[in-house]
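The residues making up each chain are set out below.
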Amino acid sequence: MIDLVDEQTACRIIGGESNPIHRSTLWRGINSGRYPRPLKMNQSTNRWRRDELIAVIERAVAERDEQAA
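Residues numbered from 1 in each chain as written. Predicted model: local features only at pLDDT ≥ 70, side-chain atom pairs only at ≥ 80, totals over all residues. Heavy atoms only, no water.

Digging into the side chain of Thr 9
Working step 1: You can see Thr 9 is positioned in helix H1 (residues 7-15).
Working step 2: Within the structure, the side chain of Thr 9 is placed 2.7 Å from the side chain of Asp 6, a separation counted as a polar contact. (Helix = DSSP H or I, 4+ residues; strand = E, 2+ residues; numbered from the N terminus. Polar contact = N/O pair within 3.5 Å; in protein donor to acceptor, adjacent residues only side chain to side chain.)

The structure is reproduced here in structure tokens:
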């Protein structure tokens, strides 16, 4: 089953539960290609796949570890 999350949850996944990113940071990241584009459910509803957001974090960790090595 695909787990879809709203904008607020997407910000918490990327930034962390205690320090979520701001929604404008999320949209800047989407526009720059850093974060995945949302699925448009209707005119006013966007949803993100949780696994795609987690993959962004895992890639950042892998890149950091490569640079440290």
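Having seen the model, we can carry on.
Looking at the nonpolar core
Working step 1: With 12 residues, the main nonpolar core is built from Val 5, Ala 10, Cys 11, Ile 13, Ile 14, Ile 21, Leu 26, Ile 30, Tyr 35, Trp 48, Leu 53 and Val 56.
Working step 2: Taken together, the elements giving at least two residues each to this core come down to H1, helix H2 (23-32) and helix H3 (50-68).
Working step 3: The element that contributes the greatest number of residues to this core is H1, accounting for four residues.
Working step 4: Residues in contact with Leu 53, not counting those within four places in the same chain, are Val 5, Ala 10, Ile 13, Ile 14, Pro 36 and Trp 48. (Core = buried A, V, L, I, M, F, W, Y, C linked by side-chain atoms within 4.5 Å. Buried < 20%, exposed > 50% of the residue type's maximum accessible area, 1.4 Å probe, protein only. Contact = heavy atoms within 4.5 Å.)

Looking at the pairing of strand E2 (residues 39-42)
Working step 1: Note that E2 and strand E3 (residues 45-49) share three bridges and pair antiparallel. For Leu 39, the partnering residue across the bridge sits in E3 and is Arg 47.
Working step 2: Between E2 and E3, which pair antiparallel one after the other, the connecting turn spans two residues. (Pairing = 2+ DSSP bridges.)

Things to note about a nonpolar patch on the surface
Working step 1: Taken together, the side chains of Ile 2, Leu 4, Leu 39 and Met 41 make up a nonpolar region of the molecular surface, amounting to roughly 350 Å² of accessible area.
Working step 2: Note that Ile 2 resides in the segment before strand E1 (4-5). (Patch = residues over 30% accessible without salt bridge, like charges linked within 9 Å, V, L, I, M, F, W, Y side chains within 5 Å. Areas by Shrake-Rupley, 256 points an atom, 1.4 Å probe, with all protein chains shown as cover. Salt bridge = Lys/Arg side-chain N within 4 Å of Asp/Glu carboxyl O.)

Quick notes on the sheet that holds E3
Working step 1: Here three strands make up an open sheet; going across it, the order is E1-E3-E2 and the pairing antiparallel. Each edge of the sheet is formed by a strand with only one pairing partner; in this case those strands are E1 and E2.
Working step 2: Relative to E3, E1 runs antiparallel, the two being bridged by two bridges. Bridge assignment links Val 5 to a residue of E3, and that residue is Trp 48.
Working step 3: Strand contacts of H3: E1 and E3, with the helix running at about 55 degrees to E3, the strand carrying the most contacts. (Axes fitted to C-alpha atoms, helices over the stretch in contact; angles between N-to-C directions.)

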